[in-house]
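Each chain, letter by letter, is given below.
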Amino acid sequence: MAETIQGQGGLAIDVRQARYVYPSGNVVALGGVDLAVEHGEIIGIIGQNGSGKTTLTKLFNGLLKPTSGSVIINGIDTAKRTVQQMAPHVGYVFQNPNHQLFARTVQMELEFGPRNIGVPEDQIAERVAEAVEFFGLQEFVEEHPYRVSFPVRKLVGIASIVAMRPPIIIFDEPSTGQDHNTTHIINGLMRRLREQGTTVVCVSHDMPLLADVVERVIVMKSTEIIADASPREVFADKALMARTNLQAPQVTEIALETVVPLGGPVALTTEELAADIASRAGSKSKTSRSSATVR
Amino acid sequence: MSMQAALPIAMIPGNSIIHRINPLAKLVWVVGYVVLAFSTQNIIILYSMAAFALLLAPIAGVTRPLLKGALILVPVGSSLLALQIIAPAVERPWTIVDQLGPLSLYGDGVYYGFVLLGRIVASLLLALIMVMTTHPSDLFTSFAKLKVPYTLNFMLAMTLQLIPVFQREVGIIMSAQKSRGMKGSGFSAVLPSFVPVFVGAIERVQQLSISLESRGFGSNGIKTSYRQVKGRPSDWVIGIIGVLVVAYLSTISIMRGTWSLATEITFSPLFVLVTFLVAASLFACVVLAAVLFSFKK
Ligand SMILES: Nc1ncnc2c1ncn2[C@@H]1O[C@H](COP(=O)(O)OP(=O)(O)OP(=O)(O)O)[C@@H](O)[C@H]1O
Ligand SMILES: [Mg+2]
């Protein structure tokens, strides 16, 4: 399937002037959005509650059809396809795993998606085994998905989509309310998806996660995209952050207050900031270092 | 799509005279309507009741939602009338008034068909108006005044509140399954969704009961309500008028053996034919639309 898709040459996601109005109550949730995403890009979408992030991503797999404008995914117009037809092209990880899981065992849960899109049985087994391995679900395969803890359930939900190996995956809030271990696995997943050339769209309030894994950040505010740049540029833009009521990762904020005025980098990770501080400390005169030891 | 399924019948906020009538007085009228509708076969009474309900709609400012909610009557009413004309629910002998290909149309069932329809229309319209003009909590506060046990009352209120929540939940769950390429339609497609819906429901109820207990639910004492419901003299008058009218008319009806006017009112063959054609084609349209819709899905 991926071959025909790449054959279209064009974009992974091509949204033109898409408007969406929820019929119930005539709520305008998207007002003429344009967005182009290349194959293999990892993008993050941020914005306040109700800014239209979820609505935008639901257009990508056809769960919602644009009220006007067009949404072309891998060269396919979503308006002409059902959600089921889009499933092999776009995986959608729902925010709440409870909305997604229903099978009797974790194993069966993981097999459900690939089987639906017509993956041959032997390959299903291989994909499921691989997903179990990657997400560390070995001890849970025979468990009922509802008997495992919430973070594990979340991983099962993600794994059930990853096992379908769609060329585009959408995550709605993958890391909110998760423990450190789960966040770590999600982080690793993003890196692996990037290596595999999967296009990833990640809606999240988790700025450190985005700072760490995405190459491009889309900022939404009241039904519109108001910024589209690298995480470094977005997080360094204090006015933008204030206007959208968003908060850059703490590391970045500290960097902006300290090393950036001195010509240092807009750090996105602790390692980056630490390295810069260390190099500055190293290049300083010995007196400052000795005074530190005295204290 | 089912995602944004809002309740078709919900309270329409407002401050009309009808909104301000005490919920119990309104309830008396609704119950009275049902009692009267099913104790009489007098179509003049039945359709006057329906007309009265319709008159209340603009006063309450709910005409549009009322008509929308009453759309359900189209398939019910049209199938009912059409059936009564080809297969009357009255004793034979039937008189054929027209022949439509293989179908014989009988005049005898028409009157009874209109009675059945009138009963449904009258009761439904008034019930809808009541629901659309009454805040659910006001109704439950009023029940409390009637000494309905608090726990029972609370259970009723919670159940009603959970319905739209579940509706939304089912929508989300269905879209999650579709996103994973679930094929099929009809019951087999809905089945996988039941698990998450029920698990979600049970979890929700468990959490609710814990949170209620931790806030002292079930402790003794008089429960007060945030919303105050007044029982003004006018409410009493309205309620009593309702009871009297219903009691009077249903007593007469029953004394006259349902007060049917079937022998007094006769329908011309042309009227029967037109009624049948209109009813049958309306019903056919509804069926066709339903079939087309399910195919499109
Ligand atoms: N099913 C619906 N029916 C009507 N309006 C809706 C529906 N879903 C969302 N909306 C409205 O559309 C707007 C955008 O909602 P959306 O869920 O896309 O925001 P979001 O950016 O994902 O917010 P959050 O951060 O809370 O997830 C909001 O004003 C919301 O109230
Ligand atoms: Mg959202």
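Note that the structure is predicted; figures quoted are calculated from it, not measured.

## Quick word on helix α11 (residues 250-257) of chain A
All names here are of chain A.
1) Next: Within α11, the full set of buried residues consists of Val-251, Thr-252, Ala-255 and Leu-256. Within α11, the buried residues cover an arc of 135° as seen down the axis, which keeps them to one side. Turned more than 90 degrees away from the buried face of α11 sit Gln-250 and Glu-257, all of them exposed.

## Notes on the site of ligand 1
1) Next: In the vicinity of ligand 1 lie 14 residues, with Asn49(A), Gly50(A), Lys53(A), Thr54(A) and Thr55(A) positioned nearest.
2) Next: Ligand 1 sits at the junction of chains A and B, each of which supplies nearby residues.
3) Next: Contact between ligand 1 and Thr54(A): an oxygen atom at 2.6 Å from a side-chain N or O atom of the residue.
4) Next: Interatomic distance of 3.4 Å between a side-chain N/O atom of His205(A) and an oxygen atom of ligand 1.
5) Next: Notes on ligand 1: free accessible area 640 Å², of which the protein chains cover 68%.
6) Next: Listing elements by their share of the shell around ligand 1, those giving two or more residues are β2 (27-37) and α2 (53-60) of chain A.
7) Next: A total of three residues in the shell around ligand 1 trace back to one element, the largest contributor, which is α2(A).
8) Next: Residues belonging to the shell around ligand 1 are distributed by class as follows: three nonpolar, ten polar and one charged.

## Here's the deal with the domain arrangement of chain B
1) Next: As far as domains go, chain B holds domain 1 (9-135 + 235-297) and domain 2 (149-226).
2) Next: Between the C-alpha centres of domain 1 of chain B and domain 2 of chain B there is a distance of 33 Å.

## Some remarks on the confidence of the model for chain A
All names here are of chain A.
1) Next: Model confidence for chain A is summarised by a mean pLDDT of 88, while 92% of its residues fall at 70 or above.
2) Next: Predicted confidence in chain A is weakest over helix α1 (residues 2-7), with a mean pLDDT of 41, and strongest over strand β8 (residues 199-203), with 96.
3) Next: In this model, residues 285-295 is a region of pLDDT below 50 whose contacts with residues beyond four sequence positions or in other chains number two contacts.

## Some remarks on helix α6 (residues 150-162) of chain A
Residue and element names in this part refer to chain A.
1) Next: Look at α6: 18 Å from first C-alpha to last across 13 residues, which is about the 18 Å you get at 1.5 Å a residue.
2) Next: Where burial is concerned, most of α6 is hidden: twelve out of the 13 residues are buried.
3) Next: Within the span of α6, buried status applies to Pro-151, Val-152, Arg-153, Lys-154, Leu-155, Val-156, Gly-157, Ile-158, Ala-159, Ser-160, Ile-161 and Val-162.

## Concerning the pattern of salt bridges
Residues and elements named next belong to chain A.
1) Next: A full pass over the atoms with the stated rule returns 17 salt bridges over all chains.
2) Next: Between Asp-77 and Lys-80 there is a salt bridge; the shortest N-O distance is 3.3 Å.
3) Next: Classification of Lys-80 as exposed rests on a relative accessible area of 65%.
4) Next: In this structure, a network of salt bridges that share partners links the residues Glu-41, Arg-216 and Asp-228.

## What about the pairing of strand β10 (residues 224-229) of chain A?
All names here are of chain A.
1) Next: Alignment of strand β9 (residues 216-221) against β10, held across five bridges, turns out to be antiparallel. Residue Lys-221 lies in a different strand from β10, and its bridge partner there is Glu-224.
2) Next: Here β9 folds back onto β10, and the loop between the two strands holds two residues, one of which, Ser-222, carries a positive phi near 25°.

## Some details on the domain arrangement of chain A
Many descriptions give the size of an interface as the accessible area lost when the pieces come together.
Residue and element names in this part refer to chain A.
1) Next: Structurally, chain A comprises domain 1 (13-248) and domain 2 (249-290).
2) Next: Each side of the interface is counted separately: domain 1 has eleven residues, and domain 2 has eleven residues.
3) Next: In total, domain 1 and domain 2 occlude about 900 Å² of area from one another, counting both sides; carbon and sulfur atoms represent 63% of this.
4) Next: On the domain 1 side of the interface with domain 2, the three residues burying the most area are Arg-232, Lys-238 and Ala-248, jointly 52% of the side's total.
5) Next: Where Arg-232 meets Glu-272, a salt bridge forms, and the shortest distance between an N and an O atom there is 2.5 Å.
6) Next: Between the two partners, domain 1 and domain 2, sit five residue pairs in polar contact (both at pLDDT 80 or more).
7) Next: Elements with a contribution of two residues or more to the side of domain 1 that touches domain 2: α8 (207-213) and α9 (231-236).
8) Next: For the side of domain 1 that touches domain 2, a count of residues per class yields seven nonpolar, one polar and three charged.

## Re unusual backbone geometry
Residue and element names in this part refer to chain A.
1) Next: Residue Arg-165 is not a glycine yet carries a positive backbone phi of 45°.
2) Next: On the secondary structure map, Arg-165 appears in the loop between α6 and β7 (168-172).
3) Next: For Arg-165, a relative accessible area of 39% gives the class partly exposed.
4) Next: Backbone geometry places Glu-173, a non-glycine residue, at a positive phi of 50°.

## Topic: the packing of helix α5 (residues 73-86) of chain B against helix α6 (residues 108-133) of chain B
Residue and element names in this part refer to chain B.
1) Next: Interaxial distance between α5 and α6 falls to 8 Å at its minimum, and their mutual angle equals 165°. By the criterion of interaxial angle, the relationship of α5 to α6 is roughly antiparallel. Note that α5 runs across α6; the crossing there is right-handed. Residues Leu-73, Val-76, Gly-77, Leu-80, Leu-81, Gln-84 and Ile-85 of α5 form the contact with α6, whose own contacting residues are Gly-109, Val-110, Tyr-112, Gly-113, Phe-114, Leu-116, Leu-117, Ile-120, Val-121 and Leu-124.
2) Next: Partitioned by chemical class, the residues of the contact of α5 with α6 number 13 nonpolar, four polar and no charged.

## So, the interface of chain B and chain A
1) Next: Chain B puts 20 residues into the contact, and the matching count from chain A is 29 residues.
2) Next: When chain B packs against chain A, close to 2100 Å² is buried across both sides, 60% of that on carbon and sulfur atoms.
3) Next: In this structure, the connection of chain B to chain A is made through two salt bridges.
4) Next: With its nearest N and O atoms 2.9 Å apart, the salt bridge here joins Glu109(A) to Arg180(B).
5) Next: Linking chain B with chain A are five residue pairs in polar contact (both at pLDDT 80 or more), by the criterion used here.
6) Next: Within the residue set of the side of chain B that touches chain A, elements represented by two or more residues are α8 (150-179) and α9 (187-214) of chain B.
7) Next: Its residues assigned to classes, the side of chain B that touches chain A comprises ten nonpolar, five polar and five charged.

About the cut-offs
- Residues numbered from 1 in each chain as written.
- Chains lettered and ligands numbered in written order.
- Predicted model: local features only at pLDDT ≥ 70, side-chain atom pairs only at ≥ 80, totals over all residues.
- Heavy atoms only, no water.
- Buried < 20%, exposed > 50% of the residue type's maximum accessible area, 1.4 Å probe, protein only.
- Helix = DSSP H or I, 4+ residues; strand = E, 2+ residues; numbered from the N terminus.
- Arc of directions from axis to C-beta.
- Near = heavy atom within 4 Å.
- Polar contact = N/O pair within 3.5 Å; in protein donor to acceptor, adjacent residues only side chain to side chain.
- Areas by Shrake-Rupley, 256 points an atom, 1.4 Å probe, with all protein chains shown as cover.
- Nonpolar A, V, L, I, M, F, W, Y, C, P; charged D, E, K, R; others polar.
- Domains from an automatic or database assignment.
- pLDDT = per-residue confidence, 0-100.
- Contact = heavy atoms within 4.5 Å.
- Expected span 1.5 Å × (residues − 1).
- Salt bridge = Lys/Arg side-chain N within 4 Å of Asp/Glu carboxyl O.
- Pairing = 2+ DSSP bridges.
- Buried area = accessible area lost by both parts, 1.4 Å probe.
- Axes fitted to C-alpha atoms, helices over the stretch in contact; angles between N-to-C directions.
- Parallel < 35°, antiparallel > 145°, perpendicular 65-115°, else oblique.
- Left-handed = near helix turned anticlockwise from the far one by under 90°.

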